[in-house]
Each structure stands twice: as C-alpha cells, then as structure tokens.
Amino acid sequence: MKLSELVLLKNQLDARSTGELRDQASRELNEIIYLVNTKAAEHQSIFEERQQSIQKSFDTFENELNLLKAELKQKIEIAEKPYFQQSYDIYQNEMTEGLDVTFGVRQQPRLDRDLFRSRLRKYTDWKYSAMCIRPAMEDFVDDMVACDPLYLVDLSHDHLLPAMGRFNEKYQNRLRTYTVNEDLEQGEILGRIPNNQFGLVFAFYYFNFRPIEYIKKWLTEIYQKLKPGGVLLMTFNDCDRSSAIIMVEEMFCAYTPGYLIYELAASIGYEVEFSWHDERPTTWVEFKKPGHLETLKGGQTLAKIVSKQL
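Residues numbered from 1 in each chain as written. Predicted model: local features only at pLDDT ≥ 70, side-chain atom pairs only at ≥ 80, totals over all residues. Heavy atoms only, no water.

Student: How should I be thinking about the overall build of the protein chain in this particular structure?
Tutor: Along the protein chain, the regular secondary structure elements total 10 helices and seven strands. Burial status across the protein chain gives 44% buried among its 310 residues. Here the analysis covers contacts within the protein chain between residues at least 6 apart in sequence; of these, 72% occur between residues at least 24 apart. Of the roughly 17200 Å² of accessible surface on the protein chain, a fraction of 51% belongs to carbon and sulfur atoms. (Helix = DSSP H or I, 4+ residues; strand = E, 2+ residues; numbered from the N terminus. Buried < 20%, exposed > 50% of the residue type's maximum accessible area, 1.4 Å probe, protein only. Contact = heavy atoms within 4.5 Å. Areas by Shrake-Rupley, 256 points an atom, 1.4 Å probe, with all protein chains shown as cover.)

Structure (structure tokens):
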C-alpha cells in the first residue's frame, strides 16, 4: 500500500469506534435482564452470563482494532521516511536552479477564505506591527493594513511587487519590505528584523511547499520576532490526512505531517490558539507566543518628523 492508502485507512479507522454501539447494547441488555429478572427469574443467570460474554466480545473487538491502528502507525512511520527526504531534495533542487515554484504557479485548493479572513481580522490592530510572508497576489494583505507598520517579506523584491501594487504610492512608502534568504546554511532568515516586534505574523500557503527543516527554522525565528502574546497564522499541507499525502505523491506539496508540526511548535514554545481543517489537504493553525500583548503607542503614526532647515 502507498503511504496515502495507509493513512486513509488509519483516518477511516480512527473515525470509528465501538464505544457508542457498546453503550447502546449495554442499555438494551440491562433492560432485557431487568424484564427477565422481574418476569422470568429462573432464566436470569443464563442471560447475565450471555451479557458478560457480549461485553467481553466488545472488549476483544476493541483491542484488536487498537492493535491494527498501532500496526498501521508503525507502517506509516516506516513508509514516510523517504517522503521527508524527497520533499527536501525536490525543494533544494528547485531553489538551486532558481525555480521558486511556490510563487503564483501552482493552483491553490479551494479553502474557506471567509473563515480565514475573519480569523485574520481578529488580530489586526494599529497598536501592533504585523508581518506578511509571501503576500504574492493574495487579497489577504488588504485586511492587514490596519496594522502599523506592515512588513512584507519574501525571497525577492520582484515577488513583493504584486502586493505593493495593490496600494497607492503614499501607502507603499509606509510599507516595510524585506527580502530574505532561507538557505539553511546562510544564518538567520529574519536576522535584520528586530526581536519582539510583531503582534501578528501571517503566512498563507507558503509553508505548504516547505520541507519540515525549513519550517522549523522559520517557526523558530518567527517566535523570536513575535511580542509576548503575538500570534502566527499559517497554513500547511497536513499529511496526517491522506488528501495531503496525495499532493506529495503528485509532487505538488511538501510532506509535513500535522503531528510533527504541532510537536515542533510546542518544543519552540508556541501554544495552539486555534486550528481548522476539513477533508482537504490544508490546515489553518494559529500559534501564540505565551504572554499578553502590550503597546506603548498612544496613537497611530501618520507623519514623520523632519529637521528644520536653518
């Protein structure tokens, strides 16, 4: 079985349990035994024995099901190892050849954009600065203009131009644009940006294409840049679900199991504020840096002070 098939089977089994059926059977059997006890007491012992036998059968069935789930988990752990390496190698080769395939080339799956927009707006506030990683041609950046200042970050300035072009020249001059190098051997990605700076960092459909090694570096540095109480909103290709693994097998997205993303975030210090997914590959998650957001701003800066010419 392919990895996607193994995970699909595990997903389907995880969604099922004998618990509800067992509780229902237990209630029915108890009612039957009560009737037997009150109306035909001479048969009580045999029915009680049969009830115990049925309960043991439920226990045996549930144990066998759990053993099968554990076996599938082991097979998945073995089968997924080359998927990690494949994602890393493909991404390395693409970047070495100067091909950033994550920029406006691949069609994005249909997502609940209204939900995401409402979640994003929950965190936009002029009192705090925000960072948008790979804004590209997404209109989410329009919802972030309330943040002051707004940083736009990408691997090249050309990638930032579509997002900048959404605004007039006056607002473009207020934007803080940064180009970064995410090479694992080239030091910090966000080294030129101050620590404890942001109330919000947003990365939509960017980490869906990054191998786990790159996501680890990004999440570590973003944590440093967030203020206490600040939040990272991001999506990723959640390979805890078979639909996401199919994307990997078709060489469309990187192999990033959800369990590993959450473990990684917890090890860095993040708390999960909110997460959402449906049957499709992408998961939306909000990671919070512990603490309470504070600001010294008394009002929004709309002008700058210049020295007087004497």
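Once the structure has been displayed, the description carries forward.
Student: I would appreciate a short explanation of the side chain of Ser4 in the present structure.
Tutor: Checked against the element boundaries, Ser4 lands in helix 1 (residues 3-14). In contact with Ser4, not counting residues within four places along its chain, are Ser242, Ile245, Ile246 and Glu249.

Student: Help me out: how do you make sense of the layout of surface pockets in this one?
Tutor: Within this model, the second largest pocket holds a volume of roughly 280 Å³. Along the walls of the second largest pocket sit 13 residues, with Lys10, Lys73, Ile76, Asp240 and Tyr259 positioned nearest its centre. For the lining of the second largest pocket, the secondary-structure elements that each account for two or more residues are helix 1 and helix 3 (44-79). For the lining of the second largest pocket, the element with the highest residue contribution is helix 1, accounting for four residues. Of the residues contributing to the lining of the second largest pocket, the split by class is six nonpolar, one polar and six charged. (1 Å grid on protein atoms, 1.4 Å probe; cavity = no way out; pocket = protein on both sides within 12 Å on 5 of 7 lines; lining within 4 Å. Points joined across faces, edges and corners; volume = space filled by probe spheres on them. Nonpolar A, V, L, I, M, F, W, Y, C, P; charged D, E, K, R; others polar.)

Student: Looking at this structure, I do not really get the pattern of salt bridges. What am I missing?
Tutor: Two side chains that carry opposite charge are able to pair once their charged atoms sit near each other. Following the criterion strictly, the structure yields 17 salt bridges and no others. Two residues, Arg113 and Asp139, come together in a salt bridge whose shortest N-O distance is 3.5 Å. Taken as a pair, Arg113 in helix 5 (residues 113-121) and Asp139 in the loop between strand 1 (129-133) and strand 2 (150-154) lie far apart in primary sequence, 26 residues in all. Residue Arg113 is classed as partly exposed on the basis of its relative accessible area, which comes to 27%. (Salt bridge = Lys/Arg side-chain N within 4 Å of Asp/Glu carboxyl O.)

Student: Mind showing me how you'd approach empty space enclosed by the protein here?
Tutor: Any empty space left between atoms is shown by rolling a water-sized probe over those atoms. Enumeration according to the criterion identifies three cavities of 30 Å³ or more in this entry. Each pocket or cavity is described by its volume, and for the second largest cavity that value is around 40 Å³. What lines the second largest cavity is Val145, Cys147, Asp148, Pro149, Leu150, Tyr171 and Arg174. Of the residues assigned to the lining of the second largest cavity, the class counts are five nonpolar, no polar and two charged.

Student: Mind showing me how you'd approach the sheet that holds strand 7 (residues 282-288) here?
Tutor: The seven strands are arranged 3-2-1-4-5-7-6 in an open sheet whose pairing can be described as mixed. Single-partner strands in this sheet number two, and they are strand 3 (176-179) and strand 6 (271-276). Looking at each pair of strands side by side, their axes are set apart by 15° on average, direction ignored. With seven bridges connecting them, strand 5 (residues 226-237) and strand 7 associate as antiparallel partners. Note on strand 7: the bridge partner recorded for Leu233 is Glu286. (Pairing = 2+ DSSP bridges. Axes fitted to C-alpha atoms, helices over the stretch in contact; angles between N-to-C directions.)

Student: Mind showing me how you'd approach the packing of aromatic side chains here?
Tutor: Aromatic rings considered in pairs are described by the distance between their centres and by the relative angle of their planes. Under the defined criterion, the tally for this structure stands at 24 aromatic pairs. Plain terms: the ring middles of Phe209 and Phe252 are 6.1 Å apart, the flat faces sit at 55° to each other, and that makes the pair tilted. Taken together, the residues Phe209 in the loop between strand 4 (198-203) and helix 8 (212-225) and Phe252 in the loop between helix 9 (242-249) and helix 10 (258-268) connect sequence positions 43 residues apart. In terms of burial, Phe209 and Phe252 fall into one category: buried. Put simply, the rings of Phe116, Phe140, Phe202, Phe204, Tyr205, Phe209, Phe252, Trp276 and Trp284 touch in pairs and so form one group of aromatic residues. A cation sits over an aromatic face here: Arg210 above Tyr206, 3.9 Å from the ring centre. The ring of Tyr223 has Lys289 sitting right over it, with the charged end atom 5.0 Å from the ring centre. (Phe/Tyr/Trp six-rings, centres within 6.5 Å; stacked < 30°, edge-to-face > 60°. Lys NZ or Arg CZ within 6 Å of the ring centre and 35° of its normal.)

Student: What is the right way to look at a nonpolar patch on the surface in this model?
Tutor: A contiguous nonpolar patch, built from Ile32, Ile46 and Phe47 and spanning about 230 Å² of accessible area, is present on the exposed surface. For Ile32, a relative accessible area of 39% translates into the label partly exposed. (Patch = residues over 30% accessible without salt bridge, like charges linked within 9 Å, V, L, I, M, F, W, Y side chains within 5 Å.)

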